[in-house]
Amino acid sequence: MRSRAGWTSSRTTRHLIFPPVDQALGPMLEVDGLRTSFRTPRGVVRAVDGVSLGLDRGRTLGIVGETGSGKTMLARSIMGLLPAGGRDRLGVERSGTVRFAGHDLTGLPPAQLRQVWGTQIAMVFQDPMTALNPVVRVGRQITESLRLRMGMGRSDAKETALALLSSVGIADPGRHLRSYPHELSGGMRQRVMIAIAIACGPRLLLADEPTTGLDVTIQAQILDLLADLQRERSMAMVLVTHDLGVVAGRADETAVMYAGRIVEQAATAELFAHPLMPYSQALLAAIPRLADAAGTRPKPIPGRPPDLASLAPGCRFAPRCPYARERCREADPPLVEAGSGHRFACWYPLSLEDADTPASDLGDSQGEA
Amino acid sequence: MEGSQPAGTPNQPVGTPTGIRNQPAGTGTEGGNGKEILRVEHLVVEYGPRRRRVHAVSDVSFLMAEGETLGLVGESGSGKSTTGRAIAHVQPPTSGHVYFDGIDLGGLSTGRLRRARTQIQMVFQDPISSLNPRRRVRDIVAEPLAIWNTGTAAQRAQRAAAMLEAVGIDPVTVGQRRPQQLSGGQCQRVSIARALMLEPRLLVCDEPVSALDVSVQAQILNLLADLKEQHGFTMLFIAHDLAVVKSISDRVAVMYLGKLCELAPADTLYDAPLHPYTAALISSVPSPDPERGPRTPLAGRTAGMAGTGPVAAALANEVPSPLHPPSGCRFRTRCAYAATLCAREEPPMRQLAPDHFVACHFPLAH
Amino acid sequence: MGESRRPLGALFWVCLAFIVLVILAAALANFLPIPSPTAQDYAAINTGPSLHHLLGTDDLGRDLLSRIIFGARVSLVIGFGSIAIGLLIGGTLGLLAGFRGGATDAVINAGSFVILAFPPLLAIVVIVAFWGRSLWKLTLIIGIAAIPQLFRVIRASTMSYANRDFITAARAMGASTRRIIVRELLPNVAPSAISFALVGVAVVIVLEGSLAFLGLSVSLPTPSWGNIIFEGASNNNLQLNPFIALWPALAMFLLLTSLNIVGDRLREHFDVREGGL
Ligand SMILES: Nc1ncnc2c1ncn2[C@@H]1O[C@H](COP(=O)(O)OP(=O)(O)OP(=O)(O)O)[C@@H](O)[C@H]1O
Ligand SMILES: Nc1ncnc2c1ncn2[C@@H]1O[C@H](COP(=O)(O)OP(=O)(O)O)[C@@H](O)[C@H]1O
Ligand code: SF4
Ligand code: SF4
Ligand SMILES: [Mg+2]
Ligand SMILES: [Mg+2]
């Protein structure tokens, strides 16, 4: 199955060997047919339902979608960091493959996966207040992983932590090492989260709504910071957000998620200029824009996303889609490519000339390629 | 009436936007009819004991014309909510006056204030905490009438059902649920229905869509605009999202650290901001417009605005603590144009165009 | 959509049934076909359970079942009565202080500290010793001692709701303070308050037992559970006839457990699951 060349045996544990960044061939991240479902009393909730994507090093992939579309679960599934079963949850299941720098992560035992977390793949969480430990000083939270993962000594780790805090733009890092999370402002907490995430020099950063809940000015700072760090370290980044504006300026490519699936993916400018899937178009029309004249009303998407525990056959967007026809309610449109990496899942994609022409021919022929 | 003062008192505050009475307050849109409904004069709200006093709102003055929508934007902690709460008199001002329809709310007795206050209703940010978790939706919406003993229980229920219908909630099925069984958007609809039951003349919306998902946000914005057309109330719309505020407001006011920076018709404010803070805020907004292209880090680009590069860079600092606001201009610690005068003297609110007010020593030139 | 409330469960109903049974028996004791609790049957001294005396008799030939039922009266009146007093006064003050905050809160809170400053058991011992130990005096004294505890719990719970926006909305609609407290706050505070109060009843019943051992519960020969256990444990009775102490101890144990379970289940049942969008 796995080529043995990627493994060495040390006396205690076996280590994964990752090629240095410059030598890595092929995409940094390849996700194929990833599915994550929760067994709940209401039925099986397919939070991620067959997602495939690729990401090259140093590139940014934006993931957008309404709440509950599975953005967070996709990021966590890629990392292999799934929630444990709770009172109302009977179990979590994941299938499909996630290849990182050529290694399949899905089959790794937990001990080896933990080695990958932090050092190779790191995550910035949606809510820094719950992701940081409230009773541990910021300094300890940063040095902990340095000492654990990188085997640094106490003073080395402290020095690195100081450097990290100033690299994420925290003034007076010495004082803030000794602060508790609640003593920091929201923007500073998110900077600390980022410092922790990049501490061990990961090559893939999964940022789950890193700026949600922050002021625009702070949001701009955090996004600039992420972009700078990414450039310096040629990190690949998955930027999850519900704010299309965030993705527009920052992501090379953008994927739109709906009900656990990627329904459209393209170069960001292309996607925003020429969405092919009606849902992407509706999402773009629903946000108020600064460029519009005052008093311009946003166009809401009617209805609500479907219940993931009881999905009807056919296109998942059909109940809300203004272009839906018979075929949409019968068969699920596959994700097909329309050339130049523009992928979409729709039987009747919009095109610039005529939004009503069925373009299924285009879809079918491209789909076989 | 006790405490009532004629509008346009001689002690007209310096820099109070006075132009409203003579001109349409809005800019062509549904706008106002020009009649003053709300006058806020030298409003000050402070929290906490003397040594740790938070200067949440410091000397804010403005007017609202009947029927207009005034947007209020600013970063978190700038005092937007406090201003809204002081106007609705659920938070008594430390000093200053709020005249509603010419009557000083602060001068009213408790009983009269209770009655007068019903003309001003609020919608809040957090959909969950703004509804009593123990009561059913139909009771929540009928409660305002129950408080004032309007009609019989059956009549109240009927009016509540009609109002629920009007905000797009099915009074039969959803009406008998409790708030935790609703989605965030449904909760906000119920909040709006409750607020409109007393037929208020001023609706203070404190970040009503901030906690909602994009598509639901558009639904609620449209609902508010529709209801406003039907009922003809005046609206103070508080939000931190500049694009949301622009889409719904006739005029927009910008707050920073408890002070009003700029007030102008929406289009004017966004196209030609005069205050460096307004310009910085606008340039920080990530734009989903492909024609604007990706924003280069630390150099905000906004169509048709010159010299915004240093402005965006200046916002690298964080907001100073409202416990110890900077001397002079409160924005000076983050302002790219700050001069010695700015630290020494507080810039007064000035009227630089017929309906454009700005508090800055060195307003931007266009 | 159904309501997502936690079911109460069979155990809850069993426990509730037991509590109701004890209350009914105590209330209707005069009409039950049992001998007087002080009547001595010299033919049956220290007998075990029999057809004539279902739970047996004590060293003075008094019917134990009757004594336990009449004793339940005292224990229940002191338990529920004192907590009712505490709840009425402490609860009202707690709602007021929690809602008003500021000076009102500071004054009431300071008052609660004054009561708390006296070690409760010692204070009760001293007061009872000087003032007397009739049933209503005991109930009143313990009730006053319970005020600060109930006040603090209800104040804390009120405060967690007082700053929510639905309260602000009610004020903006012109609701009076009384209406806000009764209509908006009380329904939210009540479940946890009732649950805490039931545990409080259990604590007071135990307290009555302790006072009996100090000879400070209601005067003998009036039976209370504490008095009976005390008598059953003195004069070598524990060796001669362990049933005297065993029955009331068992009754007390079952009642305490029931009170705790009922309180706990009620709180869980009415617990609003927040954030379930
Ligand atoms: N632990 C869980 N148990 C059961 N279902 C879950 C669990 N976590 C998530 N889900 C479901 O999976 C779906 C996707 O959730 P996810 O958190 O990934 O959405 P999201 O796109 O990140 O939304 P948001 O924008 O609100 O963060 C939702 O329908 C959610 O209800
Ligand atoms: N109840 C309160 N007690 C103490 N300080 C408060 C209170 N409410 C608001 N503040 C403070 O007042 C300032 C303004 O707050 P707010 O009006 O809520 O701002 P905004 O709505 O613009 O975010 C902030 O510094 C905030 O911390
Ligand atoms: S497949 Fe049909 S229903 Fe689905 S998005 Fe396309 S047109 Fe709409
Ligand atoms: S007054 Fe001075 S510091 Fe304040 S905004 Fe104007 S230029 Fe900047
Ligand atoms: Mg998420
Ligand atoms: Mg606010």
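Above this text sits the structure in question.
This report concerns the structure included in the present document. Within each chain, residues carry numbers counting from 1 in the order of the written sequence. All chains are assigned letters beginning at A, and all ligands numbers beginning at 1, according to the order in which they are written. It should be noted that, the model being predicted, local features are given only for residues of pLDDT at least 70 and side-chain atom pairs only at 80 or more, the latter also being counted only at that level, while totals for whole chains, interfaces and linings use all residues. Heavy atoms from the whole structure form the basis of all side-chain values; hydrogens and water molecules are not counted.

### Observations regarding the overall build of chain C
Scanning chain C from N- to C-terminus turns up ten helices and zero strands. Ordering the α and β elements of chain C from the N terminus gives α-α-α-α-α-α-α-α-α-α. Along the three orthogonal principal directions, the C-alpha set of chain C runs to about 75 × 50 × 30 Å. The burial tally for chain C puts 45% of its 277 residues in the buried class. Counted over contacts in chain C with a minimum sequence separation of 6, partners at least 24 positions apart contribute 71%. A 1.4 Å probe and the Shrake-Rupley method give the accessible areas. Residues count as covered only by the protein chains that appear here. Approximately 13,100 Å² of chain C is accessible, and the part contributed by carbon and sulfur atoms is 71%. Strands here mean DSSP runs of E at least two residues long; helices mean DSSP runs of H or I at least four residues long; both are numbered from the N terminus. Each residue is assigned to one of three classes by its accessible area relative to the maximum for its type, calculated with a 1.4 Å probe on protein chains only: buried under 20%, partly exposed between the two thresholds, exposed over 50%. Should any heavy atoms of two residues lie within 4.5 Å, those residues are counted as being in contact.

### Some remarks on the overall build of chain A
Scanning chain A from terminus to terminus reveals 13 helices and 14 strands. Put simply, chain A has 369 residues, and 52% of those count as buried. Here the analysis covers contacts within chain A between residues at least 6 apart in sequence; of these, 64% occur between residues at least 24 apart. For chain A, the exposed area adds up to about 16,300 Å²; of that, 51% sits on carbon and sulfur atoms.

### Brief notes about the site of ligand 3
In the region of ligand 3, 13 residues are neighbours, and Cys315(A), Cys321(A), Cys328(A), Cys346(A) and Trp347(A) sit closest. For this classification, Asp, Glu, Lys and Arg are treated as charged, while Ala, Val, Leu, Ile, Met, Phe, Trp, Tyr, Cys and Pro are nonpolar and the rest, including Gly, are polar. When grouped by side-chain class, the residues that make up the shell around ligand 3 number 13 nonpolar, no polar and no charged. Only heavy atoms are used to decide nearness, and a residue is near a molecule or strand if one of them lies within 4 Å of it.

### Topic: the interface of chain A and chain B
A common way to express how large an interface is: the accessible area buried when the components associate. At the junction of the two partners, chain A supplies 47 residues and chain B supplies 44 residues. For the pair chain A and chain B, the summed buried area comes to about 3,600 Å², and 56% of that belongs to carbon and sulfur atoms. Salt bridges are defined as contacts in which a side-chain nitrogen from Lys or Arg sits within 4 Å of a carboxyl oxygen from Asp or Glu. The interface formed by chain A and chain B includes two salt bridges. Here Arg297(A) ties to Asp226(B) by a salt bridge, and the two come within 2.7 Å at their closest N and O atoms. Defined here as a combined quantity, buried area equals the accessible surface (1.4 Å probe) lost by two parts on assembly, summed across both.

### Structural notes on helix 4 (residues 120–131) of chain C
Expected span of a helix: the number of residues minus one, times 1.5 Å. For helix 4 of chain C, with twelve residues, the first-to-last C-alpha span of 16 Å sits near the 16 Å given by 1.5 Å per residue. Among the residues trailing helix 4 of chain C, Gly132(C) stands out with phi positive, at a value near 115°.

### Regarding the sheet that holds strand 3 (residues 29–40) of chain A
All names here are of chain A. In this description, strands pair whenever DSSP reports at least two bridges between them. Read across the open sheet, the four strands follow the order 4-3-6-7; overall the sheet is antiparallel. If you trace the sheet from one side to the other, it starts and ends with strand 4 (43–55) and strand 7 (103–104), each paired once. Along the sheet, helix 1 (residues 71–79) makes contact with strand 3, strand 4 and strand 6 (91–100), crossing strand 3 at roughly 115°. Between N-to-C directions, angles span 0 to 180 degrees; the directions come from axes that are lines fitted to C-alpha atoms, helices contributing only their stretch in contact.

### Notes on the nonpolar core
All names here are of chain B. Core analysis: the largest hydrophobic core is formed by 80 residues, its most contacted members being Val190, Ile192, Leu203, Leu224 and Phe237. Residue ranges for the domains originate in an automatic or database domain assignment. Each of domain 1 (36–253) and domain 2 (274–347) gives at least three residues to this core. The contacts of Leu203, once residues within four sequence positions are left out, are Gln121, Val123, Ala195, Leu196, Leu224, Phe233, Thr234, Met235 and Leu236. Put simply, buried Ala, Val, Leu, Ile, Met, Phe, Trp, Tyr and Cys residues joined by side-chain atoms within 4.5 Å make one nonpolar core.

### Points about the site of ligand 2
All names here are of chain B. Near ligand 2 the following residues occur: Tyr47, Val54, Ala56, Glu75, Ser76, Gly77, Ser78, Gly79, Lys80, Ser81, Thr82 and Pro322. We call two N or O atoms a polar contact when they sit within 3.5 Å, provided that within protein one can donate a hydrogen and the other can accept it, with sequence-adjacent residues counted only if both atoms are side-chain atoms. Gly77 has a polar backbone atom sitting 2.7 Å from an oxygen atom of ligand 2. Between ligand 2 and the protein, one listed contact pairs an oxygen atom with a backbone N or O atom of Gly79 at 3.0 Å. For ligand 2, whose accessible area on its own is 560 Å², the fraction buried by protein is 62%. Every element with two or more residues in the shell around ligand 2 is listed here: strand 2 (54–65) and helix 1 (80–87). Here the shell around ligand 2 gets three residues from one element, more than from any other, and that element is helix 1.

### Re the pattern of salt bridges
Under the defined criterion, the tally for this structure stands at 32 salt bridges over all chains. Here Glu229(B) and Arg297(A) are joined by a salt bridge, their closest N and O atoms 3.4 Å apart. Of this pair, Glu229(B) sits in helix 6 (residues 214–231) while Arg297(A) sits in the loop between helix 11 (278–286) and helix 12 (326–330), each in a different chain. A residue is classified by how much of its surface remains accessible, and Glu229(B), at 51% relative accessible area, is exposed. In this structure, Glu143(B) and Arg183(C) form a salt bridge, with 3.8 Å as the shortest nitrogen-oxygen distance. Of this pair, Glu143(B) sits in helix 3 (residues 137–147) while Arg183(C) is found in helix 7 (residues 177–213), placing the two residues in two different chains. Overall, the relative accessible area of 3% leaves Glu143(B) in the buried class.

### Digging into the pairing of strand 7 (residues 202–206) of chain B
Residues and elements named next belong to chain B. For strand 7, the tally of buried residues reaches five of five residues, placing the bulk of the element in the interior. What you see with strand 7 is no split at all: Leu202, Val204 and Asp206 on one side and Leu203 and Cys205 on the other are buried throughout. Note: strand 6 (residues 120–123) against strand 7, four bridges, orientation parallel. Across the sheet, the residue bridging to Val123 is Cys205, located in strand 7. With five bridges connecting them, strand 7 and strand 8 (residues 234–238) associate as parallel partners. Looking at the pairing, Val204 lines up with Leu236 of strand 8. After leaving strand 7, the chain enters helix 6 and then returns to the sheet as strand 8, a path that is right-handed. Looking down the strands as they point away from the viewer, one classifies a crossover as right-handed if the path from the first strand across the helix to the second runs clockwise.

### Some details on the environment of Pro35(C)
By secondary structure assignment, the location of Pro35(C) is in the loop between helix 1 (10–27) and helix 2 (64–100). Counting along the chain gives 31 residues from Pro35(C) to Ser66(C), while the straight-line C-alpha distance between them is 6.4 Å.

### What to know about unusual backbone geometry
In this structure, Ala101(A) takes a positive phi of about 45° despite not being glycine. Among the structural elements, Ala101(A) can be located in the loop between strand 6 and strand 7. Notably, Glu207(B) is not glycine yet its phi reads approximately 50°, a positive angle. By the element assignment, Glu207(B) lies in the loop between strand 7 and helix 6.

### Some points on helix 8 (residues 225–233) of chain C
Structurally, the α-helix is built with 3.6 residues per turn, so residues lying three or four positions apart point the same way. Residue and element names in this part refer to chain C. In terms of burial, helix 8 is largely enclosed, as seven of its nine residues are buried. Residues of helix 8 that are buried include every one of Trp225, Gly226, Asn227, Ile228, Ile229, Glu231 and Gly232, and no others. On its buried face, helix 8 is in contact with helix 1, helix 2, helix 7, helix 9 (237–240) and helix 10 (243–270). Just downstream of helix 8 lies Asn235, where phi reads positive at about 55°.

### Concerning the environment of Val116(A)
Following the sequence through the fold, Val116(A) ends up in helix 2 (residues 110–119). Sequence spacing of Val116(A) and Phe100(A) is 16 residues, and the spatial spacing of their C-alpha atoms is 9.7 Å.

### Overview of the pairing of strand 6 of chain A
Residue and element names in this part refer to chain A. Looking at chain direction, strand 3 and strand 6 are connected through nine bridges and run antiparallel. Across the sheet, Ser37 pairs through a bridge with Glu93, a residue of strand 6. The pairing of strand 6 with strand 7 spans two bridges and is classified as antiparallel. In the sheet register, Arg99 faces strand 7, and the bridge partner there is Asp104. Turn length for the strand 6-strand 7 hairpin, with the two strands adjacent in sequence and antiparallel, is two residues, and the turn residue Ala101 shows positive phi of about 45°.

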